[in-house]
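For reference, the chains in residue letters:
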Amino acid sequence: MTRPIEGEHEHAREIRSTDEHEEHPGQTLVTTSHQVIRDWAEKRGARPATVPGTEHGGRPGVLRFDFPGFGGEDLQEISWDEWFKTFDERKLNFIYQEHTADGKQSNFFRLENPKRADA
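In this text the structure is predicted, and so the values were computed from the model without any measurement.

How each quantity is defined
- Residues numbered from 1 in each chain as written.
- Predicted model: local features only at pLDDT ≥ 70, side-chain atom pairs only at ≥ 80, totals over all residues.
- Heavy atoms only, no water.
- Core = buried A, V, L, I, M, F, W, Y, C linked by side-chain atoms within 4.5 Å.
- Buried < 20%, exposed > 50% of the residue type's maximum accessible area, 1.4 Å probe, protein only.
- Helix = DSSP H or I, 4+ residues; strand = E, 2+ residues; numbered from the N terminus.
- Contact = heavy atoms within 4.5 Å.
- Polar contact = N/O pair within 3.5 Å; in protein donor to acceptor, adjacent residues only side chain to side chain.
- Pairing = 2+ DSSP bridges.

So, about the nonpolar core. The biggest cluster of nonpolar side chains holds 20 residues, and the ones touching the most others in it are Phe65, Trp83, Phe87 and Phe94. Looking at this core, the elements that each hand over two or more residues are helix 1 (34–43), strand 4 (63–66), helix 2 (80–89), strand 6 (93–96) and strand 7 (109–112). With residues near it in sequence (within four places) discarded, Trp83 still touches Ile37, Pro48, Ala49, Leu63, Arg64, Phe65, Ile78 and Leu111.

Here it is as structure tokens:
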């Protein structure tokens, strides 16, 4: 599923499918495509997660990814369906990099709610 990207992203390239990629290492990318996000995470061994204690109304709170070897003991794994349902309900954008400027695989991402400064 892909929905329109909201907000201004003049320095980020919009990605709509897994066939699209960065134009150069270190480029900032933005997407709402579930398949692009899942593919990016799975290539890094990351699992969908939330921060325990941030949930409200029985729904996941702060969304994260649990990367192997990066302190995931503070995270609670959730299903992809739960992660994406919350992502879409909050109308979030996924801002990320495929590679760092020096060409190494990047784990950088952030979730942005263009209607809120504190997403």
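That was the structure; now back to the text.
Another aspect to go through is the side chain of Thr31. Checked against the element boundaries, Thr31 lands in strand 2 (residues 28–31). Of the polar contacts made by the side chain of Thr31, one reaches the backbone oxygen of Ile15; its length is 2.6 Å. Those residues in contact with Thr31, other than ones at most four positions away along the chain, are Ile5, Ile15, Val36, Ile37, Phe87, Asn93, Phe94 and Tyr96.

On to helix 2, then. Every buried residue belonging to helix 2 is among Trp80, Trp83, Phe84, Thr86, Phe87 and Asp88, and all of these are buried. Next to the buried residues of helix 2 lie strand 2, helix 1, strand 3 (47–50), strand 4, strand 6 and strand 7. Trailing helix 2 by a residue or two, Lys91 shows a phi angle of about 55 degrees, which is positive.

Glancing now at the environment of Pro48. Turning to its location among the elements, Pro48 is positioned in strand 3. The buried category is assigned to Pro48, whose relative accessible area is 0%. It is 15 Å that separates the C-alpha atoms of Pro48 and Ser33, two residues lying 15 residues apart in sequence. With sequence-adjacent residues up to four places away left out, Pro48 is seen in contact with Arg64, Phe65, Gln76, Glu77, Ile78, Ser79, Trp80 and Trp83.

This next bit is on the pairing of strand 6. Successive side chains on a regular strand alternate, one facing one side of the sheet and the next facing the other. Burial along strand 6 is two-sided: Asn93 and Ile95 and Phe94 and Tyr96, pointing in opposite directions, are all buried. Here 3 bridges tie strand 2 to strand 6, and the two strands are oriented antiparallel to one another. Within strand 6, the position partnered with Thr31 by the bridge is Phe94. With 4 bridges connecting them, strand 6 and strand 7 associate as antiparallel partners. Note on strand 7: the bridge partner recorded for Asn93 is Glu112.

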